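Analysis of the macromolecular model
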Amino acid sequence: MAKSQFDVLKEEFQNECKVINLKYEYEGYIGVEQWAVITELSEKELFEKYPDIISRYIPFVLLSVEQGKAVYEFRRNESKFYKRSLNNEDAFGCDDELIGIFHSEVFVPDFFEQQITEEYEENRYQL
């Protein structure tokens with residue numbers, strides 16, 4: 001099945017540009033521009049090369065590739081901390097270091113520390 005010229009153009013656009021919906025990217029976003037286009041092309045080159053495709057995203061913010069990398073790093077970092085909180089926090093929002101403070105029933109004293117404390121107390125009593 002042969003691809004139409006528009007399908008080929010759309011494929012080239014997807015290879016050269018990444019489009020982000022700003023309302024989904026930034027919670028509470030109320031700006032006029034709904035889209036961000038990440039590409040190395042200038043705005044003039046975008047309109048010359050992909051007029052039918054880019055017209056769907058007007059108004060948009062044009063971002064460089066470096067700015068796109070920053071957005072990607074932000075997403076990755078947020079995802080990492082979200083997964084970490086799912087794995088390391090209990091239902092009450094306490095992490096592993098604080099759980100003994102809030103849930104004394106799961107706190108077990110350190111055996112070696114207890115032995116050292118008992119020996120110290122015995123030696124002190126004997127002296």
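Because the structure is predicted, anything quoted here is derived from the model rather than measured. (Residues numbered from 1 in each chain as written. Predicted model: local features only at pLDDT ≥ 70, side-chain atom pairs only at ≥ 80, totals over all residues. Heavy atoms only, no water.)

Quick look at the nonpolar core now. In terms of nonpolar packing, the biggest core is built from 10 residues, these being F13, C17, V37, L41, L46, Y50, I53, I54, Y57 and F60. If near-sequence neighbours (up to four positions away) are discounted, Y57 is found in contact with F13, V19 and W35. The next biggest cluster of nonpolar side chains, apart from the first, holds six residues, and it includes L22, A36, I38 and V71. (Core = buried A, V, L, I, M, F, W, Y, C linked by side-chain atoms within 4.5 Å. Buried < 20%, exposed > 50% of the residue type's maximum accessible area, 1.4 Å probe, protein only. Contact = heavy atoms within 4.5 Å.)

Within the secondary structure layout, E25 lies in helix 2 (residues 22-25). By relative accessible area, which is 17% here, E25 ends up buried. (Helix = DSSP H or I, 4+ residues; strand = E, 2+ residues; numbered from the N terminus.)

All told, the structure shown has four aromatic pairs when counted by the stated rule. Plain terms: the ring middles of F13 and Y50 are 5.2 Å apart, the flat faces sit at 75° to each other, and that makes the pair edge-to-face. Here F13, found in helix 1 (residues 5-16), pairs with Y50, found in the loop between helix 3 (43-49) and helix 4 (51-54); they are 37 residues apart in sequence, far enough to count as distant. Overall, Y50 belongs to the buried group, its relative accessible area being 0%. Measuring from centroid to centroid gives 5.1 Å for W35 and Y57, while their planes differ by 75°, and the two rings are edge-to-face. Of this pair, W35 sits in strand 2 (residues 35-38) while Y57 sits in the loop between helix 4 and strand 3 (60-63), and the two are 22 residues apart along the sequence. (Phe/Tyr/Trp six-rings, centres within 6.5 Å; stacked < 30°, edge-to-face > 60°.)

This next bit is on the confidence of the model for the chain. For the chain, the mean per-residue pLDDT works out to 84, and 86% of the residues sit at or above 70. Looking across the chain, the model is least confident in helix 6 (residues 99-102), with a mean pLDDT of 70, and most confident in strand 2, with 93. (pLDDT = per-residue confidence, 0-100.)

Here the amide bond leading from I58 into P59 is cis, since omega sits at -5°, within 30 degrees of zero. The residue P59 is located in the loop between helix 4 and strand 3 in this model.

Below, the discussion takes up a nonpolar patch on the surface. On the surface, a cluster of nonpolar side chains totalling about 330 Å² of accessible area is made up of L98, I101 and F102. Relative to the helices and strands, F102 is located in helix 6. (Patch = residues over 30% accessible without salt bridge, like charges linked within 9 Å, V, L, I, M, F, W, Y side chains within 5 Å. Areas by Shrake-Rupley, 256 points an atom, 1.4 Å probe, with all protein chains shown as cover. Salt bridge = Lys/Arg side-chain N within 4 Å of Asp/Glu carboxyl O.)

Within the secondary structure, T39 sits in the loop between strand 2 and helix 3. For T39, a relative accessible area of 4% puts it in the buried group. Of the polar contacts made by the side chain of T39, one reaches the backbone oxygen of E16; its length is 3.1 Å. (Polar contact = N/O pair within 3.5 Å; in protein donor to acceptor, adjacent residues only side chain to side chain.)

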